[in-house]
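Breakdown of the fold
Listed here are the chains, written in short residue letters.
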Amino acid sequence: MTLSSVEAATASAPARERVDRLRAAAYRIRHHALNMGEVQGQGYVGQALGAADMLAAVYADQLNYRSEDPHWADRDRFLLSTGHYAIGHYAALAEAGIVPVAELETYGSDDSRLPMSGMSTYTPGMEISGGSLGHGLTIAVGMALGLRLQGSASRVINFLSDGELDEGSTWEAAMGAHHHQLGNLTAMVDINALQADGATNTVLRTEPVTEKWESFGWYTQRVDGNDVGALLTAFDNIASVSGAVGRPSVILCDTKVGRGVPLLETREKAHFMRIEENEWQICRDQLTAGYEGTASA
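Residues numbered from 1 in each chain as written. Predicted model: local features only at pLDDT ≥ 70, side-chain atom pairs only at ≥ 80, totals over all residues. Heavy atoms only, no water.

Here we take up the sheet that holds strand 3 (residues 156-161). As summarised here, the arrangement of the 5 strands in space is 2-3-4-8-7, forming an open sheet in which the pairing is parallel. Two strands close off the open sheet at either side, each with one partner strand: strand 2 (77-80) and strand 7 (219-224). Here the average twist between neighbouring strands, direction ignored, is 20°. Sheet analysis places strand 4 (residues 185-191) next to strand 8 (residues 249-254), joined by 6 bridges and oriented parallel. What sits directly across from T186, in strand 8, is S249. Running over the sheet, helix 8 (residues 228-241) touches strand 3, strand 4, strand 7 and strand 8 and is turned about 165° from strand 7. (Pairing = 2+ DSSP bridges. Helix = DSSP H or I, 4+ residues; strand = E, 2+ residues; numbered from the N terminus. Axes fitted to C-alpha atoms, helices over the stretch in contact; angles between N-to-C directions. Contact = heavy atoms within 4.5 Å.)

Per the stated rule, a full pass over the model turns up 9 aromatic pairs. Here the aromatic rings of Y27 and Y291 are separated by 4.5 Å at their centres, their planes lie at 10°, and the arrangement is stacked. Residue Y27 is found in helix 1 (residues 16-40), and its partner Y291 is found in helix 10 (residues 280-295); the two are separated by 264 residues along the sequence. By relative accessible area, which is 17% here, Y27 ends up buried. Note on W171 and W213: the rings are 5.0 Å apart at their centroids and 45° apart in plane angle, and the pair reads as tilted. Here W171, found in helix 5 (residues 168-179), pairs with W213, found in helix 7 (residues 209-215); they are 42 residues apart in sequence, far enough to count as distant. W213 carries the same exposure label as W171, and that label is buried. One aromatic cluster is present, formed by Y59, Y65, F78, Y85 and F159 through successive ring pairs. (Phe/Tyr/Trp six-rings, centres within 6.5 Å; stacked < 30°, edge-to-face > 60°. Buried < 20%, exposed > 50% of the residue type's maximum accessible area, 1.4 Å probe, protein only.)

What follows deals with the environment of E167. Note that E167 resides in the loop between strand 3 and helix 5. Distance in space between the C-alpha atoms of E167 and H135 is 8.9 Å, their sequence separation being 32 residues. Among all residues touching E167, those that are not within four sequence positions of it are L133 and G134.

Going through the model one piece at a time under the given rule, you end up with 15 salt bridges. Close ionic contact of D20 with R23 constitutes a salt bridge, the shortest N to O distance being 3.7 Å. Of this pair, D20 and R23 both sit in helix 1, 3 residues apart, which is roughly one turn of that helix. Here D20 falls in the partly exposed class, since its relative accessible area comes to 32%. A cluster of three or more residues bridged by salt bridges with shared partners is formed by E17, R18, R21, D61 and D236. (Salt bridge = Lys/Arg side-chain N within 4 Å of Asp/Glu carboxyl O.)

Here we come to helix 4 (residues 136-149). The terminal C-alpha atoms of helix 4, which comprises 14 residues, lie 20 Å apart, in line with the 20 Å expected from a rise of 1.5 Å per residue. Here helix 4 has its buried residues at G136, L137, A140, V141, A144 and L147. Here the buried residues of helix 4 occupy an arc of 135° about the axis, which is enough to place them on one side. Structurally, helix 4 contributes buried residues whose contacts are with strand 2, strand 3, helix 5, strand 4 and helix 7. (Expected span 1.5 Å × (residues − 1). Arc of directions from axis to C-beta.)

Written as structure tokens, this is what we have:
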């Protein structure tokens, strides 16, 4: 039986405790990202803030891993295709206990294990080196197929950006995943509508993106990527239809660059942000005020 995104969206709402746990994890991931950004005074902070809820859903709820053994053979694999999002990934790795929180202060520094663009040779828990966009899903397809051939129950989750949908290699990989019926593969697409060269719809229009993924044979859901409850429901839906053999799944996540920090949410040049020295504490104060207001609601 084939299930559309509407037909399969039957999971009950996630428990309040589960949602609150993820909100707290996302808040800490954002806080870590701001602290790391201050080390350099600039960087891809906006993307880290926007993707924090997605990363929290993966590391605080979905991923099967051992923090003390990042190379554990039976782990689920999380592949960061967008290497410049590494600042957010490092924050999530710290939240997961894979990278010490104190080490985040070395972000982007000489001899650090936390370079500005993700490198698997440097960082524990970083499965692939990112940089040239459009390669992550291809690697994820090969990895998911390899794990299945080995009889492994491990899953592969690939994080990619809406800008990567401009790349033909992404769609070749999408076809390959459907062809091999990789039910152990999930893609998460951060749709923040912004690329280095401007708004995504002015660089190369990809809409209607939901219909595109569905036409490639993927079980497709589109959610508010800054709503942890919606993300949890999407993953719960995937659990009801996934398996070693089956349809690959994609969660299309509409997010806002700088989410949680009003000062940065409205910044015009948001792809690579320059943040003034006096603004970092303002950002942290706004983040905390917003989180505490939500937590107490």
